[in-house]
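Structure assessment
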Amino acid sequence: MPSRPLLLKRLLALPPTLRRSFWSSSSTNTTTTPPSPSQPELYDIVCVGGGPAGLSFLAALHSHPATRSLKTALIDTQDLTTSRSANDANDAYSNRCSSLTPASLRFLKDIGAWEHVDRRRVQPYHAMDVWDGVSGSRMHFDPMDREGGAGGLLGSLAEMLPGSRFQASRRKYETAGMEEEAGVVATMCENMNLTAALLQRLKELQKEGTGVKMLDKTKVDSIQLGSAPASDTAPDLSQWPVVTTPTGDRLAARVLIGADGANSPVRTFANIPAHGWDYNQHGVVATLTLAPPSTPTPFHTAYQRFLPTGPIALLPLPNNQASLVWSTTPHHAQTLKTLSPTNFTAAITAAFHLLPTDLTHLLTHPNLSYPSELTWRLPATPAKTTNLPANFPTITHLQENTRAAFPLRYRHASTYTSPHLALLGDAAHTIHPLAGQGLNLGLADARALAHVLADGVQHGMDIGTEGCLDSYSAERWGRNNAVLGAVDKLQKVYSVGSGPVVWGRSLGVEVFERLGGLKGLVMGAAGGGSGGR
Amino acid sequence: MASTCPTTSRLLQLPAAVRRVALCQTLTPTVLRASPIATSFGRDSPATTITNTQGRRDYATAQANPPPTRPQTPSSSSVNETEVSHFSALASSWWDPHGSSRLLHLMNPLRHDFIRTCLAREAREPGEKLRYLDIGCGGGIFAESAARMRNSAGVVAVDPTPEVIAVAKQHARQDPTLMEPGNLQYINTAIENLDQHLPDAAARQFDIVTLFEVIEHIQHPAPFLRNCLDSLKPGGWLIGSTIARHPVSWFTTKFMAEDVLGLVPRGTHDWNQYIQPHELRDWARQQPELSTSDGPGWQMQGVIYVPGLGWKQVDGSETIGNYFFGVKKRGLASN
């Protein structure tokens with residue numbers, strides 16, 4: 001074959017993608033089987049699940065010079081093309097909100113997604129009031145704690161939080177003086193707003209020619225390992241996961257990303273166990289309207305009260321709206337979902353203002369008129385006795401169709417990786433929302449995995465191998481486990497209604513109050529939001 | 001071929017304590033400062049004199065102008081049969097990330113970092129593609145990774161041990177990118193016989209020739225290195241890694257790694273064949289086509305394996321343990 005070197009040379013001049021397709025078609029031609037639909041298409045990355053974790057991972061990958069040109073695909077059951085206009089009615093807010101830590105925000109800025117977020121619909125908050133519904137112990141967090149040089153301990157605890165580079169970022173604040181972020185505890189953002197921004201970023205990257213192949217409105221039919229090679233010289237894909245879609249598309253993945261939520265089919269395929277338990281609590285979420293504050297202020301506060309049935313949090317949204325995350329017993333959650341809107345609004349007021357016994361009484365008698373109950377119960381319960389923060393807002397009404405409830409769980413996958421596979425976000429861990437960390441952990445995972453893959457590519461690794469992927473698991477598992485564990489302990493400690501644990505924890509909260517550090521954890525923690533997806 | 005190294009085998013028969021004394025004696029300053037020829041040929045036996053004569057000429061006389069082409073006899077070989085059989089026994093575990101090659105897997109990213117350091121000062125076109133020749137490729141740990149690099153215009157990887165080449169070819173199938181034509185070619189040969197496999201002289205010219213953990217397995221490094229240079233394009237880099245002959249490296253790579261911890265299979269290394277960085281540099285200085293000025297022409301980096309942390313670059317450690325070296329062939333026009 002005298003023409004062969006020439007042919008080869010010409011082939012090598014082609015861009016890699018073309019070359020690959022030429023090569024795969026020519027190699028199938030030489031074997032006995034003609035190119036058939038059963039031949040899977042090769043991808044470097046196939047991401048199952050287009051939630052914030054999966055999307056931010058892909059955006060991070062395509063924003064990095066080393067991994068920009070990887071061939072990637074995204075599979076999601078939902079329609080990812082819908083614009084956000086459906087949700088643009090200005091005063092209506094989704095009940096699925098998350099509080100983004102400054103580290104998450106920085107990551108979103110780094111990957112060019114934050115500029116696509118509708119800024120009118122996000123709300124930074126600058127302080128946080130957390131108090132115990134039984135003992136009344138209370139702590140107030142505001143940025144003064146951070147600036148007050150509680151340094152060492154705060155830093156070391158904050159190390160455990162997602163976006164771990166807390167200290168470094170603090171220094172960055174101080175030197176770069178990013179006014180916009182100064183003094184912000186966290187930023188409330190609707191998950192939908194974030195998802196839309198990430199999709200827009202991916203579209204932008206697609207225009208630059210480094211895009212993701214979008215397979216939306218697509219279910220994963222099956223995941224299997226590739227078949228044994230047909231001949232001794234054919235590539236061996238027997239370790240590569242192959243995803244089949246209902247239309248018969250077959251995608252072979254060098255790395256299959258499971259960003260497919262708590263019941264991750266990818267995790268099931270990899271046979272990675274996820275240990276944990278159910279909290280026997282449901283999270284009730286809703287969007288609420290607040291009375292405008294008497295003196296308008298640019299500073300916003302988040303509130304969280306620990307009740308024996310679970311914590312209730314009120315997190316600020318723009319235009320005097322707020323996001324509610326109320327963790328409570330499944331029974332109470334059911335009651336709350338069926339209450340009339342006026343009773344529901346009053347029940348929330350009761351949950352923040354009244355003693356736990358009063359609240360239980362109300363919720364076991366859903367037929368009472370809560371507003372009239374409140375008219376006499378509120379004056380009988382002075383704020384002093386419950387330690388209600390002085391500036392606590394008045395909740396006026398419930399935004400229609402925003403009530404929802406979901407069971408709360410603790411789950412943690414025993415590892416995040418296996419050969420040619422990695423788990424991200426809720427597929428790897430499910431956390432109690434009292435932390436509001438679900439989404440932040442997912443974003444931290446996405447950042448770490450993208451970083452590990454970029455490093456692998458720069459060093460010529462096969463990014464599907466354990467040698468490359470294991471460092472992702474090593475970097476994230478321990479940190480996530482620390483956050484999951486701390487939040488789980490907080491949940492358990494505050495679920496006790498009386499006795500020594502309560503005395504102990506009021507002492508504990510008083511100690512918190514004196515140690516800026518542990519507050520840092522709770523601060524990063526309480527933040528509400530319904531997590532990733 | 002144990003008989004070819006009578007000194008070594010006799011040494012190894014001694015009790016450990018005596019052996020250590022003997023080793024320390026060989027490390028007297030005179031030996032340390034002796035030219036590489038003295039150390040590398042002192043242990044020669046008549047059985048392997050074919051390349052020797054040439055090597056001795058190249059080395060010992062340090063001619064300003066060695067003959068541009070040396071006649072190559074097919075039988076001439078840098079290959080030690082004992083080494084071949086040792087590595088063929090290891091072949092099957094080469095790609096087990098927790099197997100006997102674990103330390104090599106862990107070291108591989110540092111190799112690319114070092115190559116980057118060497119190329120950092122070059123005024124190369126952005127996006128310029130480089131041809132790699134990996135000599136002593138083993139199971140292909142470096143060769144595969146080089147073939148995946150964006151700056152690779154193709155990798156040729158050679159090893160004299162048939163079993164490891166078979167393992168390497170087999171393993172490369174797990175990554176379809178590597179099987180694209182021209183990306184990665186394995187050849188079962190000793191470097192001096194490369195022309196029999198790549199008859200086209202242009203195909204034997206490479207921008208980067210690598211010798212990772214190889215020269216400590218070569219009995220006669222001088223002629224071997226000369227052969228390697230022949231494959232280097234003007235302006236290209238000869239890059240490698242090896243271990244310095246120092247009591248510390250004997251303790252770490254022989255005693256601890258092989259005997260005590262079992263990190264590396266017993267008999268992997270022959271401490272007496274380790275090469276000092278200054279010996280390498282002295283050799284390089286004697287090669288007129290090599291540029292050996294610090295930085296643009298000569299690079300060195302010591303690395304230390306810290307259990308639990310992995311390989312770490314430690315400046316100055318090149319004299320006591322593992323180190324990388326890089327030396328540049330002079331360009332056609334400049335230096």
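These numbers come from a predicted model, not from an experiment.

Let's talk about the nonpolar core
Residue and element names in this part refer to chain A. One finds Ile45, Phe57 and Ile257 to be the most contacted residues of the largest nonpolar core, which totals 68 residues. No other element matches helix α15 (residues 438-458), which puts ten residues into this core. Among residues more than four places away in sequence, those in contact with isoleucine 45 are Phe57, Leu58, Leu61, Leu70, Lys71, Thr72, Ala73, Val255, Ile257, Leu453 and Ile463.

A short note on the UniProt feature "binding site: Mg(2+)" (unreviewed entry) in chain B
Residue and element names in this part refer to chain B. Listed under "binding site: Mg(2+)" (unreviewed entry) in the UniProt record, and renumbered for this structure, are Glu213, Glu216 and His217. Within the element layout of this structure, glutamate 216 appears in the loop between β4 (206-212) and α11 (221-230). What makes glutamate 216 buried here is its relative accessible area of 0%. Discounting chain neighbours no more than four positions away, the residues touching glutamate 216 are Ser241, Thr242, Ile243, His269, Asp270, Gln273 and Tyr274. For histidine 217, the location among the structural elements is in the loop between β4 and α11. If sequence neighbours within four positions are ignored, histidine 217 has contacts with Asn80, Glu83, Phe87, Thr268, His269 and Gln273.

A short note on the sheet that holds strand β3 (residues 97-100) of chain A
All names here are of chain A. Taken in spatial order, the three strands line up as β3-β7-β4 in an open sheet, and their pairing is antiparallel. Only two strands of the sheet have a single partner each, and these edge strands are β3 and β4 (123-125). Across the sheet, the mean angle separating the axes of adjacent strands is 25 degrees when strand polarity is ignored. Both β3 and strand β7 (residues 186-190) contribute to a ladder of four bridges, which runs antiparallel.

What to know about the confidence of the model for chain A
All names here are of chain A. Across chain A, the average pLDDT comes to 81, with 76% of residues at or above 70. Taken element by element, chain A is modelled with least confidence in helix α7 (residues 166-176), mean pLDDT 38, and with most confidence in strand β19 (residues 421-423), mean pLDDT 97. Predicted confidence is poor over residues 514-518, with pLDDT under 50, and the contacts of this stretch with residues over four places away or in other chains come to nine contacts. Ignoring residues within four places in sequence, the model shows residues 524-533, a span with pLDDT below 50, making 56 contacts including any to other chains.

What about the packing of aromatic side chains?
Throughout the structure, instances matching the rule amount to twelve aromatic pairs over all chains. Between tryptophan 131 of chain A and phenylalanine 392 of chain A, the aromatic rings sit 6.2 Å apart at their centres with planes inclined by 80 degrees, giving edge-to-face as the arrangement. Residue tryptophan 131 of chain A is located in strand β5 (residues 127-132), and its partner phenylalanine 392 of chain A is located in the loop between α14 (383-386) and β16 (395-398); the two are separated by 261 residues in the primary sequence. The buried category is assigned to tryptophan 131 of chain A, whose relative accessible area is 1%. Overall, the relative accessible area of 9% leaves phenylalanine 392 of chain A in the buried class. The interplanar angle of 20 degrees and the centroid separation of 5.2 Å between the aromatic rings of phenylalanine 114 of chain B and phenylalanine 324 of chain B together place this pair among those described as stacked. Highlighted residues: phenylalanine 114 of chain B in helix α7 (residues 102-119) and phenylalanine 324 of chain B in strand β9 (residues 322-329), separated in sequence by 210 residues. Ring-pair connections join several aromatic residues into one group, and the members of that group are Phe114, Tyr132, Phe142, Phe212 and Phe324 of chain B. Stacked on the ring of tyrosine 43 of chain A, the Lys or Arg lysine 71 of chain A has its end atom at 4.7 Å from the ring centre. Arginine 403 of chain A extends its terminal NZ or CZ atom over the ring of phenylalanine 344 of chain A, reaching a point 4.7 Å from the ring centre.

Thoughts on the UniProt feature "domain: FAD-binding" (unreviewed entry) in chain A
When the UniProt feature table is mapped onto this chain, "domain: FAD-binding" (unreviewed entry) is found at residues 44-353 and 399-483 of chain A. As annotated, residues 399-483 of chain A comprises 46% helix and 20% strand, and the C-alpha atoms at either end are separated by 32 Å.

Re the UniProt feature "binding site: S-adenosyl-L-methionine" (unreviewed entry) in chain B
All names here are of chain B. Mapped onto this numbering, the UniProt entry gives "binding site: S-adenosyl-L-methionine" (unreviewed entry) at Arg111, Gly136, Asp159 and Phe212. You can see arginine 111 is positioned in helix α7. The exposure class assigned to arginine 111 is buried, which follows from its relative accessible area of 4%. Aspartate 159 sits in the buried class, given a relative accessible area of 7%. Contact partners of aspartate 159, with chain neighbours within four places excluded, come to Gly136, Cys137, Gly138, Val164, Ile165, Ile187, Asn188 and Thr189. At a separation of 3.3 Å, a polar atom in the side chain of aspartate 159 contacts the main-chain amide nitrogen of cysteine 137.

What about the interface of chain A and chain B?
For an interface, size is often stated in terms of accessible area lost upon the parts coming together. Taken together, the contact pairs 28 residues of chain A with 21 residues of chain B. Carbon and sulfur atoms supply 50% of the area that chain A and chain B bury against each other, a total of about 1900 Å² over both sides. Our enumeration of links across chain A and chain B arrives at one salt bridge. With its nearest N and O atoms 2.7 Å apart, the salt bridge here joins arginine 254 of chain A to aspartate 175 of chain B. There are eleven residue pairs in polar contact (both at pLDDT 80 or more) connecting chain A and chain B. Among the elements of the structure, α1 (4-13), α2 (16-30) and α15 of chain A are those that each provide at least two residues to the side of chain A that touches chain B.

Rules and cut-offs
Residues numbered from 1 in each chain as written. Chains lettered and ligands numbered in written order. Predicted model: local features only at pLDDT ≥ 70, side-chain atom pairs only at ≥ 80, totals over all residues. Heavy atoms only, no water. Core = buried A, V, L, I, M, F, W, Y, C linked by side-chain atoms within 4.5 Å. Buried < 20%, exposed > 50% of the residue type's maximum accessible area, 1.4 Å probe, protein only. Helix = DSSP H or I, 4+ residues; strand = E, 2+ residues; numbered from the N terminus. Contact = heavy atoms within 4.5 Å. UniProt positions renumbered as here; feature names shortened; annotations may be inferred. Pairing = 2+ DSSP bridges. Axes fitted to C-alpha atoms, helices over the stretch in contact; angles between N-to-C directions. pLDDT = per-residue confidence, 0-100. Phe/Tyr/Trp six-rings, centres within 6.5 Å; stacked < 30°, edge-to-face > 60°. Lys NZ or Arg CZ within 6 Å of the ring centre and 35° of its normal. Polar contact = N/O pair within 3.5 Å; in protein donor to acceptor, adjacent residues only side chain to side chain. Buried area = accessible area lost by both parts, 1.4 Å probe. Salt bridge = Lys/Arg side-chain N within 4 Å of Asp/Glu carboxyl O.

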